[in-house]
Structures are given as C-alpha cells and as structure tokens.
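# Tertiary structure, described
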Amino acid sequence: MGEVIFSNFQDTASKHRLNEWFIRQSEEQKPIYYILPSKGKWLLTARQLKPGIQYKTFDDLAESLLKSAGVEFVRISKENRMHIFYEILKKQVKNKSEKEYLLKAEAFAESYGQLKQLGLTVEETPEQLAELKEVFYQYENEYRDKKRLFDSENRIQMAAAAGLKGDSFPLSHVVIDGYMEFGPIQYQFIEYLIRASVPCTIYLPALDMPIIRETAAVLKRLGLKVREDSIPQLVQVCQTTTVAGATTMEEEIYGVLESIAQLKGEEEYRQFGIVLTNERAYLPELERISEKIQVPIKRSKKKPLAETSFMPFLQLLLDKPEIQTKWDLLPFIDTVAKLYFLFPNEFNEIKQLFIQSGEWEQEEIASILQQIGQFQAGLPEEAATLDYQKYLLHFLEELQLPAIWKKLIKARMAGFSEAALEWRACQQVKQFLSTAIEAKYSVEMPIRLETFRNLLLNRLEEVELYIDRAPTDGITLYSFQDVSLFKGKHLFVLGLNEGEFPKQTSLKGYFQERYLDHILSPFPFPTEAYYRKKDDALFAQLNEIAENLSFSYVKGMNPNQPLLPSKYLMELTDQITTYSTISRFTDDTFLTKDEYEEKLAFHSGIGRQVTKAAPLLEKYQKNLDHLQSGKEMIPKKWADKLASNRTSITKLESYAACSFKFAMEKWLKVKEPLEKQTRIDPIETGNMLHRIIETFYKEAIGVPFSQLHSFFQGMEEKKLREIFETEWETIERNHLEIPKYTLDLEKAEWWKKLRRWLAAEKMCFWHNEELADMSIFRLEEPVELTFELENHELLTLTGTIDRIDIDENGFVIYDYKSSNKGLDFKTEVPCGLVMQIPLYMIALEHEFKEGKYQHHRIPIGEAVGGGYISIKEPNQRKRNTVWRDEEQKLRFAPNKRAKANITPLDSHSLKEDYKIPELIEKLWYGTYTDFSVRPFSKSSCTYCQFKSVCRVTKEQQDS
C-alpha cells in the first residue's frame, strides 16, 4: 500500500510532480494530502505552483484524522502546556518564587514534549528522570484524558490511536515529500498509516549519504516498498567553489552582495541565491545593507510588530506599575505622545508643563491616559488566559488612539504613513486576540499577569506587518532545509563558522543523550551524532543544486586568534578571499552615490588628498575641523550685545573654570533635564546653610567672641536646632518626590554637620584667647569693586561676603562652603579660578578707606586674612585660608604644622603680585567673546552636566 521513491533534488515538490498528483486527485473520491515540512518555503511554494491539492503538515493530518474519528479535543500550544505544568507544580511544591515556578514549569513541559517526540510513553521515561513521571501522569490523566487538552505531540499520537482503517480513512492517499529523515513520533505515524492500509508514497532525495540510507532502511522495515531499482544517478552540478573569510558579519554581507552585483552583468538577480546558516542574526543586517547599496533581496518588505511604537505601549499597559507620583506617569506620557505624533518642540513644552504642574494640556491624550488608568485598575493579578484576552481586547476596541490615527491618515498630515503603520499594528493585535478567543486556543486556568504578559509579547514578537511586495527580480533567500528549491546558477552560503554549521544540538528539557542508552526503540533517536549525519547530507546536497558555490564565514579582527570556519570548509581554505572594511573601501568600484561619497570620506579620513570631494563631505570636514579645535569665538554683533560693564566675581571664576560651561549656563541658560528627584538639590542645601548661619549669628553681631557663650546662655545648640528645623521644612516641601526615609537620613546627616560646625566655631573663635576681642562685623555683606580698563572704561565687580570679623588688627573675611574648597595662590588665584577671597579683601579695604563704615569705630581697615570654611570639615585651617603674616596665622590657626597661605594682603600687593587688573580684564573680555572648550583641569569636568555635548579632549583635561 505504500512505497519509497528516490528522486533528483530538482523534482522535490516540483511542478510536474505536483501536477501528477493533481491529476490523480481529480480521479479520486477522497482528497489527497500532500505532506511537506512545516519549516521553510515548501508549503508556500507548492501552493503557488499547483493549487487544488491540500498541502499539509503531519500536525494538520493528525487533526484531520481526530476530527474524522469524532474525537473531541481542544488544541493547545506549547505555552499552554507550560501553564498546565506551572499549575501542577504550584500545587505540589510550596514556597518557591514566581521565577522558580516558571523556570521549573518550562523545563517540565520541554521534557514532556521531548519524551513524546522520542515516541515514548510516560512509563518509558528514562530512570534518571523517574521523579518527573508523577507530574507527567497527572498531566495526562487530568488534562489530556479528562479535559481533552491535546498538545502537538499528543495530537499525533492520539490520531494514530484513533484506529481509523483504510475503508474509514478520510483520505485516498498521503504523499510525503521534502524530507531526508523523520523523528520517532513521525515514524510512529507513518507506521500507523501502513498498519491502517492507507496508500502512502514517500519521496527521498537520491543522495548517497548515511542519513538517507538509514531513513530508507527504517521505512522498509516498517513495510514500505523501497524502489531501489529505479534510483536516478545524480550528476554533480557544482563546477567551481570559492571561500571567503570576513572580519565582521557586516563585511561578510557587504562582500557577498557586491560580488553578486559584479557577477550579475546582463543576467537577472534570480540567478543568485543566498543560504543563511543563522537567519535570526543575519537577516536584519542583510536587509539593511541590500537596501543601502541597492542590491535587491526577493523578499516582501515587512516590519516586525516589535519595532512599532504600539508594542512598547502594550508592554507598559500590562506592566501595571504602582503610580504614586507624576514621574510614574511619564513613561505612559512619552509613549502615548509618540503614538499621538506630536512635534518634538510641542511635546517638550507640554511635557515640561506637566512636570512642573502635574497638568496635561492635550485633552485627547489626557483622556487616553485616563483610559489606561481605568484599565490597569481593573487588571487582575491572576486570571484565566481567556479572561485576560477578552479584557485586553475590550480595552483596545474602546481605545481612542485609532480614531486619532484615522484623522491623521485622512488629512494626510505629517506622520500619516507612520500613523497608518501604528493603526495596522493595533488592528493586528486585536485580530490576534480575536482569533485566540474564537479558537479557544487557551486553557481555562488562572495564571499570573506577568506570565500572560510575557507569553503574549513573545507571541507577538513573531508577528510581522506587510509593508511592500517583493521586487520582481531579486536574490532569493534559503535555508539548508529548502535550498533544493533553488533553480539558479550561483549560490552563496553565509555564516559557515564552527558551531554554527554543523549546529550544536541537544535534547530538550531535562533530557540528556546518555539517558537513552538503555532504551530500545525501532527508530533512530535524534542524538547529536544523528543530526551530524543530517547536516552532512544538507551540506552535500549543495553540490547537486548550483553550478557555482561561494562559502563565507567570519574570521574576526584578530589574525592571531581567528574564529574558525566550519569543518566542511577546512579542505577548501587554501586560497581564501578576505572581506574587510579596508578592502571594501580601497576598491575603486561603487554601486550608489552614497557608497561613492562614503569611500571618499574614508580616503579623506586616513589623510589622503581627495581632489573631487563631495560638497557635503567638504562641509562635514570643515565642521569636524572646527569641532576638533574646540574654539568658539563670538561674532562682534553678538559680543556687543552680551557685553556689560557690570559683572559678578563668581561669574569670572566660573569663566576661568571652563569658558564653554560658562556660556551654556550663563548665556544660553541650558538647564539640567527635568527628572525624578532622587537626591536633594545641592544648591538648595547650600542656600540653606548660608541662611542658617546668618540667622544664628545675626543678633550676635558686635559681641566679642569671648562673650558669645554668655550671650547665648548655653542655648546655642537649641537655637541652632530650631533654625535648622524651620529651614528643613522648606527643603522637604521642595523635595516631595524623595522618599521620607531618605529625607530623614539626609536630615540627620546635616544636623551632624551643623553640630560639628558649631563645635568648631566654639573652639576656633569663642574659646580662642587670641581672638577674645574680635567680633562679627557683617553677615552677607554686599560689596562692589571698580577697575579701570585699558580703554579707560570702568568695570564694576559685585559680590557678597558671607562673614566679616574685625578687631584692632583689621578685618578677616570668610566664605562658607558645603564642601571642601582650596585657596591655591600658586596656581588657582593667578589664573582666576579662585578670586572671591583676594577681590573681597581689595574691595573691603577700599570701602574702609572711602569711609563707608566711618560711623563705626574701626582701628585699622586692613586685611588680616580670610578663607573658606567648609561645613564638611569646619576645623580645617590649612590651604583653604590666607594670612598677612605668620603671626596672624598663628592667632587663628595655632597649629604650627598647618600649611596655610602667607602673602601680603594689601590692595597694592595683591594687584601687583597677581596681576589682578590684567587678569580681570582678560576674563571679563572672554565672558562675551570667547566660549571655547577650555576646562581648567580634569576636576572641572567631573560633575559637568554638559559632557554629552562637549568635545573636550583628554590632553586638554590633563594640561
């Protein structure tokens, strides 16, 4: 009733063979099923060549037989099977994490599927996996037998067990074509067809390889007649073979496509074919490069659903986050606005308003956000798959986004084509859900939301949206399984690396090959050795298909440690071509204008003189040269507008630290991106520090340090605490997005700092006998200083002195900092990086001389010293202070080993010694004329917010 026929590769599912069976079909009362492999192009090609026959797979045939036998069942997928094992394990095993349950369920489901694919029953489970049998039995008894839930493997086994015989069999004939070998479960099904006396014809390729001989022997043992008398003699078609090694996958694809373009001549592209050993890795890059260099691939243009903006929206929708602040809503706002196709400027303005006020201007988007909130509020943490599908489908049908897209499409406004794509993506998802609901392709058992979300997204990742038809003439892509469909002359095989082909194979789930050693089976098991035989045959068939074979692989960038080619290429690598970026760009041929300009850019980039550079390339080169120089000089018309004869001392310091950063902050007003508060703003804590100290000492102005203890009556810490508590309330009001426990930790840390500061104040001032008569003269005192420029114009510098102390020797000034800051008179003062202290001294001395403070009895209006007081290390009096002489230094810092700055502090000496007038004029002139990239040191760049747009070099930082 059945026979095995050997045939040429070109006859596999060929038109004349299909035509023969079509004629046979017209003579039969019952249909003929033509079985082809489910993977590859077989089914599609056969249906295009000869419609009228039912082209099916083994799974389709099994379902048809079950229905004919009146067997009631529900078709379930591998994912549904995994859900079932998840439920079984969750009932049996307690106290596991969700992730552990999912991973274990997946392993059990894969192991069960592998067991069935091996043609074994649960009773025949290998003894090493005996612990799985109880769960397997429960799956079959409760779900397969009682609930009639059939997965793919059980559909085939149960169809064979249905007992249909030849007279009741719903088909007149079964034809199996396109296979080199079969799995054990497929052999079992073929065995059933033979026992049921079903007419059966199996075509095998006439290739003298072990895997073909073994397949024929098994089929003969099952009772099929093997037609060995009429085996066609194969004549090797291949005449030439070449091998190429590429530095990268990208260069391999470039090399192959450009070779095809050169070989094409007057022929058509259909004469060339490409085999990809790893389609998932190679196909996206192949499509991108083929479009770029205009070498067409005969493949309809599709876009994966995962690459649309609708998929991230769906992903967020099913995340069900806990929305507590406006920042939790931002991902939705970003995604919805992208789907709403707002212009970037419009969106940025609206988004900034939302961050500042929590309000959203666009009513339509606000309505959609409300819909999302209602959907997520009703989204259960656990439900049946069918319930999740219905709930999600109802939401998508009510969603207002499609109406917005239709308006854009109808009006053909900007972005209408993208809107059309998103509309189709939404429709595709709805269609997917509708089909699943109607087919009841799900198990009615509760699963967690996270599980449903992951499985749905994984399924949708496989969905593609049709964009455009395949070109009339193009290079056809094949896999090793369907490459015998190729009818051209030249075949290119890409990615033939060791480990890629022959493939590294293993059994699924918990199965290992050694577990099968003591299991007897009439059919060969799919071990690694068995698959190696199959790969040998798949590679050998290439010689019977194309006249010219070109193999390529990636050998990598390192010649001393190259990646290895497949074992099939080891004897062919004597003369190997190299595909690399260098060889590609040095070749003087080009296919497109873009490629021509790209090659010009390459030669220009390596220092060669290009005589006919493209205008765009010249423009880019000028821009690159400008950017590399880092110079940003301001045109006179703008400089005149920016110039001002009044500026602050801190602005000059900022300019000295980095002129580029100064321009971004002071003139361009570029602010840091608005983001969720995760830390307290240091500017606010700095301002808080100054307010606390000013409030604390305000009533003590003029009181000698020796009397401060009596003045505060021992309540100084209590007063400091009260001031701090009041100020901290402001900090908390301005940082509502920071968790309370974080604010409490920061508050405790700041109180420690203030207590240390108070202790340092007592030790360094209150209880210092050398300063007994000294007192605080002013707090937060504004000062001005005027310089005459070379052009005789006057420049006024402004500033605020945090604290001024006085006694009979003169005055001392202090500037409070929340972090450490040095006062380096050798490097930082001469270049303008630290100017506050010396300029404040000059300004204050000038104020005294001019009589600003004449109604106060001040013996000497000269500078004694000053510096920075760090709230972080308030006791420190080293390089952060400067004194007029050693005697004064010892009064304020009794430690003789402390290396503080000693220098004349009168106005004349400071100006002359440090060339302050010239320095100020130079810096002031730069503040409105020169915004070049010029940081003072690496530390200037450490916390800079403009790193992403700055092109500072390491040499500039280190200099």
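Residues numbered from 1 in each chain as written. Predicted model: local features only at pLDDT ≥ 70, side-chain atom pairs only at ≥ 80, totals over all residues. Heavy atoms only, no water.

## Brief notes about the overall build of the chain
Here is the rule: Elements are defined by DSSP. Helices are runs of H or I of four residues or more, strands are runs of E of two residues or more, and each kind is numbered from the N terminus. Throughout, radius of gyration means the C-alpha value; the globule benchmark is 2.2 Å times the number of residues raised to the power 0.38. We call a residue buried when its accessible area falls under 20% of the maximum for its residue type, exposed when it is over 50%, and partly exposed in between, using a 1.4 Å probe and counting protein chains only. Two residues form a contact once any of their heavy atoms are found within 4.5 Å. Methods summary: accessible areas were calculated by the Shrake-Rupley approach with a probe of 1.4 Å, and residue burial reflects only the protein chains presented.
When helices and strands are counted, the chain shows 37 helices and 25 strands. A compact globule built from 959 residues would reach a C-alpha radius of gyration of about 30 Å, whereas the chain, at 41 Å, exceeds it by more than 25%. Expressed along its principal axes, the backbone C-alpha trace of the chain runs to roughly 125 × 75 × 60 Å. A burial count over the chain gives 48% of its 959 residues as buried. Considering only intrachain contacts with a sequence separation of at least 6, the fraction spanning at least 24 residues in the chain is 76%. As presented, the chain carries roughly 48900 Å² of accessible surface, and 49% of it is formed by carbon and sulfur atoms.

## A closer look at the nonpolar core
We apply this condition: Note on terminology: a nonpolar core comprises buried Ala, Val, Leu, Ile, Met, Phe, Trp, Tyr and Cys residues joined through side-chain atoms within 4.5 Å.
If you look at the biggest cluster of nonpolar residues, it comprises 85 residues, and the most contacted ones within it are Ile-176, Phe-189 and Leu-219. Apart from residues lying up to four places away in sequence, Ile-176 is in contact with Ile-35, Phe-58, Phe-182, Ile-190, Cys-200, Thr-201, Ile-202 and Tyr-203. Counting residues in each nonpolar core, the second largest holds 55 residues, with Phe-313, Leu-317, Leu-339 and Ile-365 among its members.

## Re the packing of helix H3 (residues 58-68) against helix H8 (residues 184-195)
To characterise two packed helices, one gives the angle between the axes of the helices and the distance between these axes. Quick reminder of the rule: Think of each axis as a best-fit line through the C-alpha atoms, taken over the contacting stretch in the case of a helix, with angles from 0 to 180 degrees between the N-to-C directions. What sets the label is the angle itself: under 35 degrees gives roughly parallel, over 145 gives roughly antiparallel, 65 to 115 gives roughly perpendicular, and the rest give oblique. It is the rotation of the near helix from the far one that decides the hand of a crossing: anticlockwise by less than a right angle makes it left-handed, clockwise makes it right-handed. For this classification, the nonpolar set comprises Ala, Val, Leu, Ile, Met, Phe, Trp, Tyr, Cys and Pro, the charged set comprises Asp, Glu, Lys and Arg, and every other residue, Gly included, is treated as polar.
Taken N-terminus to C-terminus, the directions of H3 and H8 make an angle of 45°; their axes are 12 Å apart at the nearest point. Regarding the angle of H3 to H8, the classification is oblique. Between H3 and H8 the crossing geometry is left-handed. Of the residues in H8, those in contact with Phe-58, Leu-61, Ala-62 and Leu-65 of H3 are Gln-186, Phe-189, Ile-190 and Tyr-192. Taken together, the residues of the contact of H3 with H8 sort by class into seven nonpolar, one polar and no charged.

## Quick look at the environment of Ala-69
Relative to the helices and strands, Ala-69 resides in the loop between H3 and strand S4 (74-75). What makes Ala-69 partly exposed here is its relative accessible area of 32%. Sequence separation between Ala-69 and Gly-163 is 94 residues, and the spatial gap between their C-alpha atoms is 8.2 Å. Leave out the neighbours within four places in its chain, and Ala-69 touches Ala-162 and Leu-164.

## Observations regarding the sheet that holds strand S18 (residues 576-579)
Rule in force here: Should DSSP find at least two bridges between two strands, the strands are regarded as paired.
Taking strand neighbours across the sheet as the criterion, the six strands line up as S15-S10-S16-S17-S9-S18 in an open arrangement whose pairing is parallel. Pairing within the sheet leaves two strands with one partner each, and these edge strands are strand S15 (476-478) and S18. Strand-to-strand twist across the sheet, computed as the mean angle between neighbouring axes with direction ignored, equals 25°. Looking at chain direction, strand S9 (residues 240-246) and strand S17 (residues 548-554) are connected through seven bridges and run parallel. Bridged to Gly-245 within S17 is Tyr-553.

## Quick look at the packing of aromatic side chains
Our working definition: Side-chain rings of Phe, Tyr and Trp, where Trp is taken by its six-membered ring, are said to pair if the distance between their centres is within 6.5 Å; with planes under 30 degrees apart they count as stacked, over 60 as edge-to-face, and otherwise as tilted.
If you walk through the whole model with that rule in mind, you get 51 aromatic pairs. Considering the side-chain rings of Tyr-388 and Phe-452, the 4.8 Å spacing of their centres and the 20° angle between planes classify their relative orientation as stacked. Residue Tyr-388 is located in helix H16 (residues 385-398), and its partner Phe-452 is located in helix H19 (residues 449-461); the two are separated by 64 residues in the primary sequence. Relative accessible area serves as the criterion here: at 2%, Tyr-388 is assigned to the buried category. Judged by relative accessible area, which is 4%, Phe-452 ranks as buried.

## Topic: the pattern of salt bridges
We count it as follows: Each reported salt bridge corresponds to a side-chain nitrogen of Lys or Arg within 4 Å of a carboxyl oxygen of Asp or Glu.
The full count for this structure, using the stated rule, is 54 salt bridges. Taking the shortest distance from any N to any O, the salt bridge between Arg-288 and Glu-250 comes out at 3.2 Å. Of this pair, Arg-288 sits in helix H11 (residues 279-293) while Glu-250 sits in helix H10 (residues 249-264), placing them 38 residues apart in sequence. Judged by its relative accessible area of 30%, Glu-250 is partly exposed. The structure contains a network of salt bridges with shared partners spanning Asp-59, Glu-63, Arg-75 and Arg-155.

## Things to note about the confidence of the model for the chain
Which entries qualify depends on this criterion: Confidence of the predictor at the level of single residues is captured by pLDDT, which takes values from 0 to 100.
A residue-level look at the chain finds 97% of positions with pLDDT of 70 or above and a mean pLDDT of 88. Mean pLDDT across the elements of the chain ranges from a minimum in helix H37 (residues 954-958), with 74, to a maximum in strand S16 (residues 490-494), with 97.

## Topic: the pairing of strand S6 (residues 173-176)
Note the following rule: Whether a crossover is right-handed comes down to one check: with the strands pointing away from the viewer, does the path from the first strand over the helix to the second run clockwise; if it does, it is right-handed.
With burial as the criterion, each face of S6 is covered, one bearing His-173 and Val-175 and the other bearing Val-174 and Ile-176. Judged from the four bridges that link them, strand S2 (residues 32-35) and S6 form a sheet pairing that is parallel. Note on S6: the bridge partner recorded for Ile-35 is Ile-176. Of the pairings in the sheet, the one linking S6 to strand S7 (residues 200-205) comprises three bridges and is parallel in character. Following the sheet pairing, Val-175 is matched in S7 by Thr-201. Handedness of the crossover is the feature at issue here: the chain leaves S6, passes through H8, returns alongside S7, and the resulting connection is right-handed.

## Some remarks on helix H9 (residues 210-222)
Applied cut-off: Expected helix span is given by 1.5 Å per residue-to-residue step, counting one fewer step than there are residues. As used here, the arc belongs to the directions running from the helix axis to the C-beta atoms.
In a regular helix each residue adds 1.5 Å, so 13 residues correspond to 18 Å; H9 covers 18 Å between its end C-alpha atoms and thus fits that length. Within the sequence span of H9, burial applies to Ile-211, Ile-212, Thr-215, Ala-216, Val-218, Leu-219 and Leu-222. Buried residues of H9 fall within an arc of 160° about the axis and therefore sit on the same side. If you follow the buried residues of H9, they end up packed against strand S1 (2-7), H8, S7, strand S8 (225-226) and helix H20 (528-540).

## Let's talk about a nonpolar patch on the surface
Put simply, the test is: Like charges within 9 Å and nonpolar side chains (Val, Leu, Ile, Met, Phe, Trp, Tyr) within 5 Å are joined into patches, using only residues over 30% in relative accessible area that form no salt bridge.
Where nonpolar side chains cluster on the molecular surface, the patch consists of Trp-667, Leu-668 and Val-670 and spans about 260 Å² of accessible area. Relative to the helices and strands, Trp-667 is located in helix H26 (residues 659-667). Note on Trp-667: relative accessible area 31%, which makes it partly exposed.

## Description of unusual backbone geometry
Residue Pro-502 is reached from Phe-501 by a cis peptide bond, and omega for that bond is 0°. If you trace the backbone, Pro-502 turns up in the loop between S16 and H20. A positive phi angle, close to 60°, is found at Ser-197, a residue other than glycine. Checked against the element boundaries, Ser-197 lands in the loop between H8 and S7.

## So, the side chain of Lys-264
Inclusion rule: Counted as positive: Lys and Arg. Counted as negative: Asp and Glu. His and the chain ends are not counted at all.
Among the structural elements, Lys-264 can be located in helix H10. Lacking a salt bridge, the buried Lys-264 has Asp-473 as its closest oppositely charged neighbour, with an N-O distance of 5.3 Å. The contact partners of Lys-264, leaving out residues within four places of it in the chain, are Tyr-269 and Phe-272.

## Structural notes on the pairing of S1
Summarising burial for S1: five of the six residues are buried, a large majority. Taken together, the six bridges between S1 and S7 define a ladder with parallel strand orientation. Bridge pairing links Ile-5 to Tyr-203 in S7. In this sheet, S8 lies alongside S1 in parallel orientation, the contact comprising two bridges. Bridged to Glu-3 within S8 is Lys-225.

## Here we look at the sheet that holds S7
The sheet built from six strands is open, its strands ordered S3-S2-S6-S7-S1-S8 with parallel pairing. Each of the sheet's edge strands pairs with one partner strand only, and the pair in question is strand S3 (54-56) and S8. Together, S1, S2, S3, S6 and S7 form the strand contacts of helix H1 (residues 15-27), whose direction differs from that of S2 by roughly 160°. Its contacts with the sheet put H9 on S1, S7 and S8, and the angle it makes with S7 is roughly 165°.

## Some remarks on helix H22 (residues 593-605)
With 13 residues, H22 extends 18 Å from end C-alpha to end C-alpha; this agrees with the ideal 18 Å at 1.5 Å per step. Within H22, the full set of buried residues consists of Glu-595, Lys-599, Leu-600, Phe-602 and His-603. Along the long axis of H22, the arc covered by the buried residues comes to 160°, so they all point the same way. For H22, the exposed residues set more than 90 degrees away from the buried face come down to Lys-593, Asp-594 and Gly-605.

## Let's talk about the environment of Glu-98
Along the polypeptide, Glu-98 turns up in helix H5 (residues 98-117). Taking the C-alpha atoms as reference points, Glu-98 and Arg-448, 350 residues apart in sequence, are found 9.0 Å from one another. In contact with Glu-98, not counting residues within four places along its chain, are Tyr-86, Lys-90, Arg-448, Glu-450 and Thr-451.

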